[in-house]
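Residue-level structural notes
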Amino acid sequence: MEHVQEHEECLVQTQMYWVERPVYNEEFLQGQLHKKEKTPQPLSQKIAHSCRCSSKKAKSHLYSFLPILKWLPRYPVKAYLLGDIVSGISTGVMQLPQGLAYALLAAVPPVFGLYSSFYPVFLYTFFGTSRHISIGTFAVISLMIGGVAVREAPDEMFNIMESNSTNSTDLLENYKARDAMRVKVAVAVTLLSGIIQLSLGLLRFGFVAIYLTEPLVRGFTTAAAVHVFTSQLKYLLGIKTKRYSGALSVLYSLIAVLSNITKTNIATLVVGLTCIVLLLSGKEINDRFKKKLPVPIPMEIIVVIIATGVSAGMNLSNTYEVDIVGEIPKGLLAPKVPNIKLIPAVFVDALAIAIVGFSMAVSMAKIFALKHGYTIDGNQELIALGICNSAGSFFQTFSITCSMSRSLVQESTGGKTQIAGTLSSIMVLLVIVAIGYLFEPLPQTVLAAIVMVNLKGMFKQFGDITHFWRTSKIELAIWLVAFVASVFLGLDYGLLTAVAFAMITVIYRTQSPQYRILGQIPNTDIYCDVEEYEEVKEYPGIKIFQANASLYFANSELYASALKKKTGVDPCAVLAAKKKAQKRHSKELKQTNEHRKKAVLKLTNDMETSVKHEIINDELPLNGKSADANAQGTSPDELEHFMEPMTNVHCIILDLTPVNFVDSVGAKMLKSVIKEYEEVGVFVCIASCSGPVMDDLTRLNFFEKSTTRDLLFHSVHDAVLSCQLKVGSVPQTASDLFVSTSESHMEN
């Protein structure tokens, strides 16, 4: 009994709170609150303030531009050094074969892959903010570079025809000239992409990566894996075919390989397949026993060393005509200014490479930063990549970014800082200046095998189709468009198509939001969708309408249409029906009057039957009913149909909680809606406007003449209480809300 009594007292107190609670509309808040005075700062003062320099500000900018100055003096040698050394060696032994292999994708001689694995990696140590990613060559970027190089320096330009014979001295000279030209193109693209990244970073445009959403990136990289795999088939089979770029290049490459399949070099194929089996076995062992192994087995470098030894010992190049890496110059090349004349022809490609490269790097950097509890600066990452690419281009490197596989190895083997990356670059440097010539007998099919096996993770992304099918059809559409467009249109135009489609989906979502009618959860001021929850109740005569999108030119008409449909009240239809009913009613009255005039005339002509006629005319039927009944008590079907909702709805509350902004079209639509419903006797008010939306409405002169701030309420519940006060239903409604709960507790 005590529990029941306490519960009843609590209900009474809560009920009194909701009944006596003041209604907070915008006018009330404007009277109680006072805005802080903000003195606008002139532009000259802003410029002077930004240009003002102090020792503290200069130090902050220096540390931001060179993050190594911040973390290197605090480097805990005993705790971090051993892990960085092990990680650096493990990453370096992967960096070497991948640098050689990805150079084939970039359509340049393998040694340039080694250059790209040294200079940028070393530079990133000074400018990068991520401690764990491994910068260097990456399959997707290398393939994009190769596509540009092949387009700008095709085989036909150097009189190189599809042939399996390379004995001609002139043909070898043509190959050298072609490779030299492709290096110039790759270097020019790298310089321009670096300048773009550096400019975006200095202008604080690090947010551009958000437009490359995860489904888009995953679909794009999966398509890139298809391109890479197709491009490596000719090296795996030992077939000489033309390399294609641009739209439908995948189909052309497959057709070229299949048409020359009879010319397959069996020795090349055997070596390649053997390497693929060994590499896949090594990856499986590393994945299965990664907790027991102190460091992953460096199967790639093992395969490279074994294959190089076998090739040199058996003289595969001369005996079986197996294509090998060939000459690897000893030492570093002197700095050289890239060919500036090529920049206009490769601008679009450089822009795509710059954005994709940054997106890859920053996404992996964020994953590791979140895992290890530190932050990265997206703008500084752009600057770091821009410096790595633009400065590296003077030393004949091609564009780089973060490598997923090497980054995972660098982090899993104990790497704590970019000291690990520096050590891996030093290992590559030792190969370049000392022992690079030892890898000259390495078969190209081994490099193709390394590339193909490293695509395993990307091909697993086909599983995204089933995942997105279950979670989001729109994201599935983005994935499929990115994949299909990139496969058939090429990576550059495929990326642009995918980004454009992703933007269209955003517009589609704002144009097709979810519209809801809200009701109250009993005993709370929480309002939810009445169609979703059984416990939610609507207030009699009050409709609460919500749309989860902003109000602007693209969806204003849809918003107004959905409002009429959801509330069941269409002011235009009501007014039209009323006019039509009035017109028909007046017509019927006119017909009745004319009929009575005829009856009077007939009455004067036949005085003898006057009483009888009078009775007959008073009861004369009209459309199956008496004229008086039609004139006074009946209404047309249209009037009854359209006027029926008006007896039920007297207030409509527009919940603008999800609205982020309102433009001029949206504001005009709101004013029009308020005016239309006012004409048919329905009061419309607005609830839960955010500060930016209020600023938009004020700036657009929304509050003028008939539309005042009285229509705005701080919350939906305040608007509901105000609407109830208009019809005097607060006490009754409040008690009704608590009766059911009280009864249920009494039963328990």
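Shown above is the structure to which this text applies.
Here the structure is a predicted model, which is why all the values come from computation and not from measurement.

**Quick word on the overall build of the chain**
- From N to C terminus, the chain includes 33 helices and ten strands.
- About 38,500 Å² of surface is accessible on the chain, with carbon and sulfur atoms providing 61% of the total.

**Regarding the environment of valine 185**
- Inspection of the secondary structure puts valine 185 in helix α10 (residues 169-202).
- For valine 185, a relative accessible area of 1% puts it in the buried group.
- Through-space distance from the C-alpha of valine 185 to that of valine 150 is 9.0 Å; in sequence the pair is 35 residues apart.
- Residue contacts for valine 185: discarding those within four places in its chain leaves Val148, Ala149, Glu152, Leu342 and Val346.

**Observations regarding the pairing of strand β9 (residues 683-687)**
- In terms of burial, β9 is largely enclosed, as four of its five residues are buried.
- Relative to β9, strand β8 (residues 651-655) runs parallel, the two being bridged by five bridges. From the neighbouring strand, leucine 654 faces β9, where its bridge partner is isoleucine 686.
- Regarding the hand of the β-α-β motif, the stretch spanning β8, helix α30 (residues 664-679) and β9 is right-handed.
- As paired strands, β9 and strand β10 (residues 712-713) are joined by two bridges and run parallel to one another. Across the sheet, residue isoleucine 686 finds its bridge partner in β10, namely leucine 712.

**A short note on the pattern of salt bridges**
- Using the criterion set out here, one finds 14 salt bridges in the structure.
- The shortest N-O distance in the salt bridge between arginine 151 and aspartate 349 comes to 2.8 Å. You can see arginine 151 sitting in helix α9 (residues 139-152) and its partner aspartate 349 sitting in helix α16 (residues 347-372), a full 198 residues away along the chain.
- Judged by relative accessible area, which is 36%, arginine 151 ranks as partly exposed.
- Of the residues examined, aspartate 349 reaches a relative accessible area of 7% and is grouped as buried.
- Measuring nitrogen to oxygen at the nearest pair gives 2.8 Å for the salt bridge that ties lysine 240 to aspartate 323. On the criterion of sequence distance, the pair formed by lysine 240 in the loop between α11 (214-237) and α12 (249-259) and aspartate 323 in the loop between α15 (316-319) and α16 is long-range, its members being 83 residues apart.
- Using a relative accessible area of 26% as the deciding quantity, one classes aspartate 323 as partly exposed.
- Through salt bridges with shared partners, a single network forms among Asp155, Arg178, Asp179 and Arg182.

**Digging into the sheet that holds β8**
- One open sheet holds the six strands; their spatial order is β4-β3-β5-β8-β9-β10, and the pairing between them is mixed. The sheet is open, and its two edges are formed by β4 (527-529) and β10, each paired on a single side.
- Pairing geometry for strand β3 (residues 515-520) and β4, over three bridges, is antiparallel. Residue pairing across strands places glycine 519 opposite cysteine 528, the latter belonging to β4.

**Considering the side chain of serine 424**
- Positionally, serine 424 belongs in helix α19 (residues 419-435).
- Here the side chain of serine 424 touches glycine 421 through a polar contact of 2.6 Å, landing on its backbone oxygen.
- Discounting chain neighbours no more than four positions away, the residues touching serine 424 are Gly88, Thr91, Gly92, Gln95 and Val121.

**What to know about the pairing of β8**
- The element β8 is largely enclosed, with a buried count of five among its five residues.
- Relative to β8, strand β5 (residues 542-547) is paired through five bridges, and the arrangement is parallel. Residue pairing for β8: lysine 543 is matched across the bridge by isoleucine 652.

**Considering a nonpolar patch on the surface**
- On the surface, Leu248, Leu251, Tyr252, Ile255, Phe347, Val348, Leu351, Val484, Phe488, Leu489, Tyr493 and Leu496 cluster together to form a nonpolar patch covering roughly 1,100 Å² of accessible area.
- Secondary-structure elements contributing two or more residues to the nonpolar patch are α12, α16, α23 (473-489) and α24 (491-511).
- Valine 348 gets classed as partly exposed once you look at its relative accessible area, which sits at 45%.

**Regarding the packing of α23 against α24**
- Close contact between α23 and α24 brings their axes to 7 Å; oriented N to C, the two are set at 160°. Compared by their axis directions, α23 and α24 come out roughly antiparallel. Considering the relative orientation of α23 and α24, their crossing is right-handed. Note on element contacts: α24 touches α23 through Leu491, Asp492, Tyr493, Gly494, Leu495, Thr497, Ala498, Phe501, Ala502, Thr505, Tyr508 and Arg509, opposite Ile474, Glu475, Ala477, Ile478, Val481, Ala482, Ala485, Ser486 and Leu489.

**As for helix α31 (residues 691-699)**
- Every buried residue of α31 is accounted for by Val693, Met694, Asp696 and Leu697. The arc that holds every buried residue of α31, seen down its axis, measures 160°, which confines them to one face.
- Just downstream of α31 lies asparagine 701, where phi reads positive at about 55°.

**Considerations on unusual backbone geometry**
- Even without glycine at this site, arginine 204 takes up a positive phi of about 60°.
- For arginine 204, the location among the structural elements is in the loop between α10 and α11.
- For arginine 204, a relative accessible area of 45% gives the class partly exposed.
- The phi dihedral of glutamine 396 falls on the positive side, at around 65°, and the residue is not glycine.
- With respect to the helices and strands, the residue glutamine 396 is situated in the loop between α17 (378-393) and β2 (401-403).

What counts and how
- Residues numbered from 1 in each chain as written.
- Predicted model: local features only at pLDDT ≥ 70, side-chain atom pairs only at ≥ 80, totals over all residues.
- Heavy atoms only, no water.
- Helix = DSSP H or I, 4+ residues; strand = E, 2+ residues; numbered from the N terminus.
- Areas by Shrake-Rupley, 256 points an atom, 1.4 Å probe, with all protein chains shown as cover.
- Buried < 20%, exposed > 50% of the residue type's maximum accessible area, 1.4 Å probe, protein only.
- Contact = heavy atoms within 4.5 Å.
- Pairing = 2+ DSSP bridges.
- Right-handed = clockwise from strand over helix to strand, strands pointing away.
- Salt bridge = Lys/Arg side-chain N within 4 Å of Asp/Glu carboxyl O.
- Polar contact = N/O pair within 3.5 Å; in protein donor to acceptor, adjacent residues only side chain to side chain.
- Patch = residues over 30% accessible without salt bridge, like charges linked within 9 Å, V, L, I, M, F, W, Y side chains within 5 Å.
- Axes fitted to C-alpha atoms, helices over the stretch in contact; angles between N-to-C directions.
- Parallel < 35°, antiparallel > 145°, perpendicular 65-115°, else oblique.
- Left-handed = near helix turned anticlockwise from the far one by under 90°.
- Arc of directions from axis to C-beta.

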